[in-house]
Amino acid sequence: MASLSNLARLSVLLLLLVFLLQPIWFEPLLRPLVQANAPAIYNRGSLFWLTILHLRTVFIATVAATVVAVSLAILVTRKAGAEFLPVSRSLVNIGQTFPPVAVLALAVPIFGFGEKPTLIALFLYGLLPIFENALTGLTTLPPAVMEAARGAGMTERQQLFKIELPLALPVILTGIRLSVVISLATATIGSTVAAKTLGEVIIAGLQSNNLAFVLQGGLIVAVLAVLIHDALQGLERALSSRAHV
Amino acid sequence: MIEFDHITKRYDDTEVVSDVSLTVEPHTVTVVVGTSGSGKTTLLRMVNRLVEPTSGMIRIDGEDNRSVPEFELRRRIGYAIQGHGLFPHRTVAENIATVPTLLGWENARIKAKVEQLLTLFQLDPDFFGARYPHELSGGQQQRVGVARALAAEPNLLLMDEPFGALDPIIRAKAQDDLLAIQKHFGTTIILVTHDMEEAFRLADKIAVMDKGEVLQYATPAEMLVRPATPFVEALIGSSERPFRLLAIETAGDAVEPGGAEGEPIPATLSQRDALSELLWSGRAALPVAAADGAVIGKVSLAGLVKRAARPE
């Protein structure tokens, strides 16, 4: 059963790679979707490079969001930072209530066109799920375990790094996974302000009424999201199967 | 030696522990008994400073327990709790090695200690060392919890209802193991429980607490004979008194000269169990055998009945 689903994963991944590197092989499949003279395969840049840039944008934004959100969660779960808990919660919530388009519109006059406003939108968007999950992970640790850690003579720092973070890790990873999937989809909007992402393909398709472009841009993003979601979920399972009683 | 010197703990307006003074002798087992909310756990947690007293002082071997940083103090004191609190993401061996690792012991020494303790607790080191806590039974987890508390060879071991989550048969075994290990290492143990049976089974001295105060601090025999207050008497349970008294001493202590018919009972058996044997076998007396099997005399129903009576 496990090997069967691994086989499915591998085939999807291979299919995606082949499509990105040799899209022309798939031209006959997409041809029926376009008018006679229009190109069926995106021809204004390499799909492979757009995918790499798309992933890079999501990666940078997620890493930054993870660092900030987890640090914030650690801070407000310490004795010294407890009073900042409500403030940090509402700050992060505000980040989530802003529609990404609005963030882009506001960021463009400040940072100009290109990748920067997209990164900022994705970063703000990614914060909340990671922060919420890190907070849940760090505040729902078994009391007996924490009592034992204190009683054994661990310093606060040792408790954090040896006990709290390792035990909260599966829950934090769930937050990161949610954040990555949201960002993968949201990043496409970045192309409206000239960021190099797969959104470019979709937007080009919408502008020239080319259904094949829209479809291939959308499909690549969807398959990426499914594969990454799946991989992170596998990682969480591997971690929590060990850590849970 | 642990000295509680006028220890008081107040949370806002409620006094949880009121002016407790008592001295725990080294290499003994002291059991603190009380109902829930009596302040017994708070008293225990003040020894390793998981709780700080509002006033008063606790001295360990003459030294104020606030004279070293908290984490250093705690590494020198074993601590075992109800529900064991094992670290779920670490193997049994890593759990036991917790304090030695914090103290920076060499790997070889840690490994040897872990193996010694696992063997002592009848857990095969090769099999159990690499397991995770959730793969163990409740009784095994509890033993690992106590092994972890003993890993850095502390002179003092604090135990907060360590056997509370175990079923009666495993609990009795765990109590016997604890006494054997206490003899082996000579550790001073302070144990908190609400179970009077457990207190009489383990204690050299018992402290009974109620509403933050120590009502009586005495040996089990003294407490049976002269309970300080009606509360202590009620806690002991008046119908249990003669049997508790018999449970303190062994059949060897009650030997009378002469012989008797029947299967000899070992001299190490408690007088309570000896009485039980007599009643069950329907005999008035049974021979008593020493460890080498030689019969050293008899115990009689009449003799035990006399011993179970309230001493004057």
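As shown above, the structure is provided for reference.
Per the secondary structure count, chain A includes 10 helices and 0 strands. Starting at the N terminus, the α and β elements of chain A follow one another as α-α-α-α-α-α-α-α-α-α. Expressed as a percentage of the 245 residues in chain A, the buried residues total 44%. In chain A, 74% of the contacts between residues at least 6 apart in sequence involve partners at least 24 apart.

A separate point is the overall build of chain B. For chain B, the helix and strand inventory stands at 14 helices and 13 strands. For chain B, whose C-alpha radius of gyration is 22 Å, the value lies close to the compact-globule estimate of 20 Å for 312 residues. Dimensions of chain B, computed from the C-alpha atoms along their principal axes, are close to 60 × 50 × 30 Å. Classification of the 312 residues of chain B by burial places 50% in the buried group. Long-range contacts, defined here as pairs at least 24 residues apart, represent 62% of the contacts in chain B between residues at least 6 apart. Put simply, chain B shows about 14,300 Å² of open surface, and 52% of that area lies on carbon and sulfur atoms. Averaged over its 32 positive side-chain charges, chain B has a centre that lies 1 Å from the centre of its 43 negative ones.

We now examine the interface of chain A and chain B. Each partner contributes to the interface: chain A provides 21 residues, whereas chain B provides 23 residues. Of the roughly 1,900 Å² buried between chain A and chain B on both sides combined, carbon and sulfur atoms contribute 65%. Taken together, chain A and chain B are joined by 1 salt bridge. A salt bridge links glutamate 147 of chain A to arginine 45 of chain B, with the nearest nitrogen and oxygen atoms 2.3 Å apart. At the boundary of chain A and chain B, one finds 5 residue pairs in polar contact (both at pLDDT 80 or more). The greatest single-element share of the side of chain A that touches chain B, amounting to 7 residues, is contributed by helix 7 (residues 143–151) of chain A. A per-class count over the side of chain A that touches chain B returns 11 nonpolar, 6 polar and 4 charged.

A few words on the sheet that holds strand 5 (residues 63–64) of chain B. All names here are of chain B. Here 4 strands make up an open sheet; going across it, the order is 2-1-4-5 and the pairing antiparallel. Pairing within the sheet leaves two strands with one partner each, and these edge strands are strand 2 (14–24) and strand 5. Pairing analysis gives 7 bridges linking strand 1 (residues 2–11) to strand 2, with the strands arranged antiparallel. When the sheet's bridge partners are listed, lysine 9 is paired in strand 2 with valine 17. Docked against the sheet, helix 1 (residues 40–47) engages strand 1, strand 2 and strand 4 (55–60), running at close to 120 degrees with respect to strand 1.

Here we come to empty space enclosed by the protein. This model, assessed by the stated rule, comprises 3 cavities of 30 Å³ or more. Size it by volume and the largest cavity reaches roughly 100 Å³. The wall of the largest cavity is formed by 13 residues, among which Ala152 of chain A together with Tyr79, Val99, Arg148 and Ala149 of chain B lie closest to the centre. For the lining of the largest cavity, the elements supplying multiple residues, two or more each, are helix 7 of chain A together with helix 2 (70–76), strand 6 (77–81) and helix 7 (138–150) of chain B. Of the residues forming the lining of the largest cavity, the biggest block, 3 residues, is contributed by strand 6 of chain B.

To continue, consider the packing of aromatic side chains. Two descriptors summarise a pair of aromatic rings, namely the distance from one centre to the other and the angle between the planes of the rings. Following the criterion strictly, the structure yields 4 aromatic pairs over all chains and no others. Ring plane angle 75 degrees and centroid distance 6.1 Å describe the contact between phenylalanine 48 of chain A and tryptophan 49 of chain A, whose orientation is recorded as edge-to-face. Taking the relative accessible area as the measure of exposure, phenylalanine 48 of chain A reaches 26% and is therefore partly exposed. The interplanar angle of 85 degrees and the centroid separation of 4.9 Å between the aromatic rings of phenylalanine 127 of chain B and phenylalanine 128 of chain B together place this pair among those described as edge-to-face. With a relative accessible area of 12%, phenylalanine 128 of chain B lands in the buried category. Between arginine 109 of chain B and the ring centre of tryptophan 105 of chain B, over which it is positioned, the NZ or CZ distance is 3.6 Å.

Another point: helix 9 (residues 199–207) of chain A. Burial in helix 9 of chain A covers these residues: Gly199, Glu200, Val201, Ile202, Ala204 and Gly205 of chain A. Residue asparagine 209 of chain A follows helix 9 of chain A closely and has a positive phi angle near 55 degrees.

Next up on the list: the pairing of strand 12 (residues 285–289) of chain B. Residue and element names in this part refer to chain B. Across the 5 residues that make up strand 12, a large majority, 5, are buried. With 2 bridges joining them, strand 11 (residues 265–266) and strand 12 adopt parallel strand pairing. If you follow proline 266 over to strand 12, its bridge partner there is alanine 289. With helix 13 (residues 271–281) bridging strand 11 and the parallel strand 12, this β-α-β connection has right-handed handedness. Note that strand 12 and strand 13 (residues 295–300) share 5 bridges and pair antiparallel. Within strand 13, the position partnered with proline 287 by the bridge is lysine 298. Counting the residues that bridge the hairpin from strand 12 to strand 13 gives 5 residues, and of these glycine 293 lies at a positive phi of roughly 95 degrees.

Cut-off values and rules
- Residues numbered from 1 in each chain as written.
- Chains lettered and ligands numbered in written order.
- Predicted model: local features only at pLDDT ≥ 70, side-chain atom pairs only at ≥ 80, totals over all residues.
- Heavy atoms only, no water.
- Helix = DSSP H or I, 4+ residues; strand = E, 2+ residues; numbered from the N terminus.
- Buried < 20%, exposed > 50% of the residue type's maximum accessible area, 1.4 Å probe, protein only.
- Contact = heavy atoms within 4.5 Å.
- Rg over C-alpha atoms; globule rule 2.2 N^0.38 Å.
- Areas by Shrake-Rupley, 256 points an atom, 1.4 Å probe, with all protein chains shown as cover.
- Lys, Arg positive; Asp, Glu negative; His and termini not counted.
- Charge placed at Lys NZ, Arg CZ, Asp CG, Glu CD.
- Buried area = accessible area lost by both parts, 1.4 Å probe.
- Salt bridge = Lys/Arg side-chain N within 4 Å of Asp/Glu carboxyl O.
- Polar contact = N/O pair within 3.5 Å; in protein donor to acceptor, adjacent residues only side chain to side chain.
- Nonpolar A, V, L, I, M, F, W, Y, C, P; charged D, E, K, R; others polar.
- Pairing = 2+ DSSP bridges.
- Axes fitted to C-alpha atoms, helices over the stretch in contact; angles between N-to-C directions.
- 1 Å grid on protein atoms, 1.4 Å probe; cavity = no way out; pocket = protein on both sides within 12 Å on 5 of 7 lines; lining within 4 Å.
- Points joined across faces, edges and corners; volume = space filled by probe spheres on them.
- Phe/Tyr/Trp six-rings, centres within 6.5 Å; stacked < 30°, edge-to-face > 60°.
- Lys NZ or Arg CZ within 6 Å of the ring centre and 35° of its normal.
- Right-handed = clockwise from strand over helix to strand, strands pointing away.

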